[in-house]
Amino acid sequence: GLNIFGDFALAGDSVSQPLPVELSSFVSVINNNNVTLNWSTASELNNSGFDVERADLQNAGNWSKIANVSGNGTSENVNFYSFTDKNVNSGKYNYRLKQIDFNGNYEYFNLSNEVNIGVPVKYNLSQNYPNPFNPTTKINYELAFDSKVSLTIFDVSGKEVGSLVNATQPAGYYSVNFNGSSLSSGMYFYKISVDGNGNNFSAVKKMILVK
């Protein structure tokens, strides 16, 4: 039951005994800055689940847990698993699975390839999520070039009530959290203004705060 898609290491209390999951595939699919990991097992014994771990190769390459996917316990059938790592910043990454059994023993399965998230091909401002929100929401935007960026919040009268970004940023994918706990319920607008590589981009979207 060796994984042919990457190296794996054994750990736990009983490393002399084979651990209970036979991994038959482990692959990645990139869609813009979303990374979907798909894997399957040929058989499972006492499988509690999988920790999904990611290493940022631009930031010391340290591993961090980003999700847990429950296993199927004991099964002689083929089982398929999937997890999507959303809104990943531009850069190079490694991924691995930490399979854990109910006794606490574990083993690693490494994705055989690096994942490279490139830069967007155009500027974009996404709709905030969730919307309506209370009191926090997330705003995503994309920069096709290194740019000076301004991201501000306005009320319905046009008064600026918040500034989320006012800086020069490299090309890539960005996500900003907005906390409206100090504001009253109602409709608000967020505006992005971008100047980079001789290109200007501006967009406005509305959002609703409900308390």
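Residues numbered from 1 in each chain as written. Predicted model: local features only at pLDDT ≥ 70, side-chain atom pairs only at ≥ 80, totals over all residues. Heavy atoms only, no water.

Novice: Describe the overall build of the chain, and please don't skip the residues or the numbers.
Specialist: Scanning the chain for helices and strands turns up zero helices and 15 strands. The C-alpha radius of gyration of the chain comes to 22 Å, more than 25% above the 17 Å expected for a compact globule of 211 residues. Taking the principal axes of its C-alpha atoms as reference, the chain extends roughly 70 × 40 × 25 Å. Per-residue burial over the chain gives 40% buried out of 211 residues. Residue pairs in contact within the chain that sit at least 24 positions apart in sequence constitute 62% of those at least 6 positions apart. For the chain, the accessible surface area stands at approximately 11,200 Å², while carbon and sulfur atoms represent 47% of it. The centroid of the 14 positive side-chain charges in the chain is displaced by 16 Å from the centroid of its 17 negative side-chain charges. (Helix = DSSP H or I, 4+ residues; strand = E, 2+ residues; numbered from the N terminus. Rg over C-alpha atoms; globule rule 2.2 N^0.38 Å. Buried < 20%, exposed > 50% of the residue type's maximum accessible area, 1.4 Å probe, protein only. Contact = heavy atoms within 4.5 Å. Areas by Shrake-Rupley, 256 points an atom, 1.4 Å probe, with all protein chains shown as cover. Lys, Arg positive; Asp, Glu negative; His and termini not counted. Charge placed at Lys NZ, Arg CZ, Asp CG, Glu CD.)

Novice: Hey, could you go over the sheet that holds strand β13 (residues 172–179) for me, with residue numbers and the actual values?
Specialist: With antiparallel pairing, three strands are arranged side by side in an open sheet as β9-β10-β13. Each having just a single partner strand, β9 (124–125) and β13 make up the two edges of the open sheet. (Pairing = 2+ DSSP bridges.)

Novice: Please give an account of the pattern of salt bridges that cites residues and values.
Specialist: A full pass over the atoms with the stated rule returns three salt bridges. Ionic pairing is found between aspartate 85 and arginine 54, a salt bridge with its closest N-O pair at 2.6 Å. With aspartate 85 in strand β5 (residues 79–85) and arginine 54 in strand β3 (residues 34–56), this residue pair connects regions lying 31 residues apart in the sequence. Its relative accessible area of 22% is what places arginine 54 among the partly exposed residues. (Salt bridge = Lys/Arg side-chain N within 4 Å of Asp/Glu carboxyl O.)

Novice: How would you explain the environment of phenylalanine 133 if you had to name every residue and give the values?
Specialist: With respect to the helices, strands and loops of the structure, phenylalanine 133 is situated in the loop between β9 and β10 (136–143). By relative accessible area, which is 3% here, phenylalanine 133 ends up buried. C-alpha separation for the pair phenylalanine 133 and glutamine 58, spaced 75 residues apart in sequence, amounts to 33 Å. Not counting residues up to four positions away in its chain, the partners in contact with phenylalanine 133 are Asn128, Phe178, Met207, Ile208, Leu209 and Val210.

Novice: Summarise the pairing of strand β11 (residues 147–155); cite the residues concerned and give the values.
Specialist: Where β11 meets strand β12 (residues 160–169), eight bridges bridge the pair, whose relative direction is antiparallel. Across the sheet, phenylalanine 154 pairs through a bridge with glutamate 160, a residue of β12. Adjacent in sequence and paired antiparallel, β11 and β12 are bridged by four residues, among which glycine 158 carries a positive phi angle near 90°. Note that β11 and strand β14 (residues 186–196) share eight bridges and pair antiparallel. Bridging across to β14, leucine 151 finds its partner in isoleucine 192.

Novice: Give me the confidence of the model for the chain: which residues, what numbers.
Specialist: For any part of a model where pLDDT is low, the fine detail of the predicted coordinates should not be relied upon. Scored by pLDDT, the chain comes out at a mean of 91, with 91% of its residues at no less than 70. Here residues 1–16 scores under 50 on pLDDT; set against residues more than four positions off or in separate chains, the count is 34 contacts. (pLDDT = per-residue confidence, 0-100.)

Novice: How would you sum up the pairing of β14? Please name residues and give values.
Specialist: Examined bridge by bridge, β14 and strand β15 (residues 199–209) share eleven bridges and lie antiparallel to one another. Residue pairing across strands places valine 194 opposite phenylalanine 201, the latter belonging to β15. The antiparallel pairing of β14 with β15 creates a hairpin that spans two residues between the two strands, and asparagine 197 there sits at a positive phi of about 55°.

Novice: Quick rundown of the side chain of arginine 96? Include the residues and the values.
Specialist: Tracing the chain through its elements places arginine 96 in strand β6 (residues 91–101). A polar side-chain atom of arginine 96 sits 2.6 Å from a polar atom in the side chain of glutamate 53. Discounting chain neighbours no more than four positions away, the residues touching arginine 96 are Phe26, Asp51, Val52, Glu53, Trp63, Tyr108, Phe109, Asn110 and Leu111. (Polar contact = N/O pair within 3.5 Å; in protein donor to acceptor, adjacent residues only side chain to side chain.)

Novice: If you had to explain the sheet that holds β15 to someone new, which residues and values would you point to?
Specialist: Here we have four strands laid out as an open sheet, ordered β12-β11-β14-β15, and antiparallel in their pairing. Either end of the sheet is taken by a strand with one partner, and the two such strands are β12 and β15. Ignoring which end each strand starts from, the neighbouring axes of this sheet average 10° apart. (Axes fitted to C-alpha atoms, helices over the stretch in contact; angles between N-to-C directions.)

Novice: How would you summarise the environment of valine 165 if you had to cite specific residues and measurements?
Specialist: Among the secondary structure elements, valine 165 is positioned in strand β12. Separated by 75 residues in sequence, valine 165 and serine 90 place their C-alpha atoms 18 Å apart. Excluding anything up to four places from it in sequence, valine 165 contacts Tyr141, Val149, Ser150, Leu151 and Val176.

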